[in-house]
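Given next are the chains, with one letter for each unit.
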Amino acid sequence: RGSESQDLEIGRCCVLHHRIAYRAEGPEGGPGIFMKNSDGTGSAERLTSGRHVPSSWSHDGTRLLYADFGNDVITSSGPADLAMVTLTGDHRSESLLTTPVREGNAHFSPDGRWISYEATETGERAIFVRPFPDVSSARWRISSAGGSSAVWAKDGHTLFYRSGQAIMAVAVRGATPAEWGAPEKLFDGNYFFIEGPEMFDVAADGRFLLLKVGTDQTKATPDSIIVVQNWIEELERRVPAK
């Protein structure tokens, strides 16, 4: 947790270009979602008030999806509704889906036509897709069995998700998700996964970023902890802007 004006929830935030949205308790006005420049400059701006967890920016950066837990405690399995805040004007929030089950880890597709999310409405955690902006007009189940942590390919042509220890892929083609391909297992392995936020990502070139569980299970604690400071400056030196 951070020690600045907001109590930053490091484990759940989302970044778009030079901005980061994150959940914090907030010293004034209670919990909510805040936005700040990712380089640390400037002050934090409150976007919402409530027990909210951000999940996805729209491609143009004008909207932010989040899970609204209402008056309940924020957990990976508790009930939550899908909501959205508009970043222009007066930061208007609106509820997109209100059901008795948990809806979370929602993401805009790169072209902005679809929203993927996970829900427990069938009795197990599964991946669904709805059209945007009219999310109530249709719904398609994407995962053939259980599924969580859906992640879009950067080109929007594939939707990935996790099923147990396996990474699954669905080809995005046709006019609606009813025409998309059947889920196919890409690979599985001894990776570190927990319920809740996404535990993997996919780069533009198709490479996956995952946490692999170490083979030595005898050590209860690591020998050392490495802290990297000023990593943004180091990144700019190593990968200069074009």
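Residues numbered from 1 in each chain as written. Predicted model: local features only at pLDDT ≥ 70, side-chain atom pairs only at ≥ 80, totals over all residues. Heavy atoms only, no water.

Asker: How should the packing of aromatic side chains be read in this particular structure?
Answerer: To describe a pair of aromatic rings, one takes the distance between the centres and the angle between the planes. Inspection of the entire model under this criterion finds 11 aromatic pairs. Residues F108 and F132 carry aromatic rings whose centres are separated by 5.1 Å and whose planes lie at 80° to one another, so their mutual orientation is edge-to-face. A residue pair is termed long-range when its members are at least 10 positions apart, and F108 in strand β9 (residues 103-108) and F132 in the loop between β11 (126-131) and β12 (140-141) qualify at 24 residues. Just as F108 is buried, F132 falls in that class too. Measuring from ring centre to ring centre gives 5.1 Å for F160 and F208, while their planes differ by 80°; the resulting arrangement is edge-to-face. Taken as a pair, F160 in strand β14 (residues 158-163) and F208 in strand β18 (residues 208-210) lie far apart in primary sequence, 48 residues in all. Since its relative accessible area comes to 8%, F160 is described here as buried. Among the residues examined, F208 registers a relative accessible area of 25% and is labelled partly exposed. Within the aromatic cluster, the residues linked to one another by ring pairs are F160, F187, Y191, F193, F200 and F208. Taking the ring centre of Y191 as reference, the NZ or CZ of K212 above it sits at 5.0 Å. (Phe/Tyr/Trp six-rings, centres within 6.5 Å; stacked < 30°, edge-to-face > 60°. Helix = DSSP H or I, 4+ residues; strand = E, 2+ residues; numbered from the N terminus. Buried < 20%, exposed > 50% of the residue type's maximum accessible area, 1.4 Å probe, protein only. Lys NZ or Arg CZ within 6 Å of the ring centre and 35° of its normal.)

Asker: Could you clarify how one ought to interpret the sheet that holds strand β8 (residues 93-97) in this entry?
Answerer: Through backbone hydrogen bonds, the strands of a sheet pair up, either in parallel or in antiparallel fashion. Ordered in space as β5-β6-β7-β8, the 4 strands form an open sheet in which the pairing is antiparallel. Edge positions in the sheet fall to β5 (52-57) and β8, since each of these pairs with one other strand and no more. Strand after strand, the sheet turns through a mean of 35° between neighbouring axes, direction not considered. (Pairing = 2+ DSSP bridges. Axes fitted to C-alpha atoms, helices over the stretch in contact; angles between N-to-C directions.)

Asker: What should I look at first to understand the confidence of the model for the protein chain in this one?
Answerer: Where the model shows low pLDDT, its predicted coordinates should not be examined in detail. Averaged over all residues, the pLDDT of the protein chain is 85; the fraction at 70 or higher stands at 87%. Summarising per-element confidence for the protein chain, the mean pLDDT is lowest in strand β1 (residues 8-16) (51) and highest in strand β15 (residues 166-171) (97). Across residues 1-11 the pLDDT falls below 50, and counting only partners more than four positions away or on other chains, this stretch makes 21 contacts in the model. (pLDDT = per-residue confidence, 0-100. Contact = heavy atoms within 4.5 Å.)

Asker: Quick question: what am I supposed to make of the sheet that holds β15 here?
Answerer: The strand order across the open sheet formed by 4 strands is β13-β14-β15-β16, and the pairing between neighbours is antiparallel. Both outer strands of the open sheet, β13 (148-152) and β16 (184-188), are each paired with one neighbouring strand and no more. Along the sheet, successive strands turn relative to each other by an average axial angle of 25°, direction set aside. The sheet contact formed by β14 and β15 spans 6 bridges and is antiparallel. Counted as the bridge partner of Y161 is M168 from β15.

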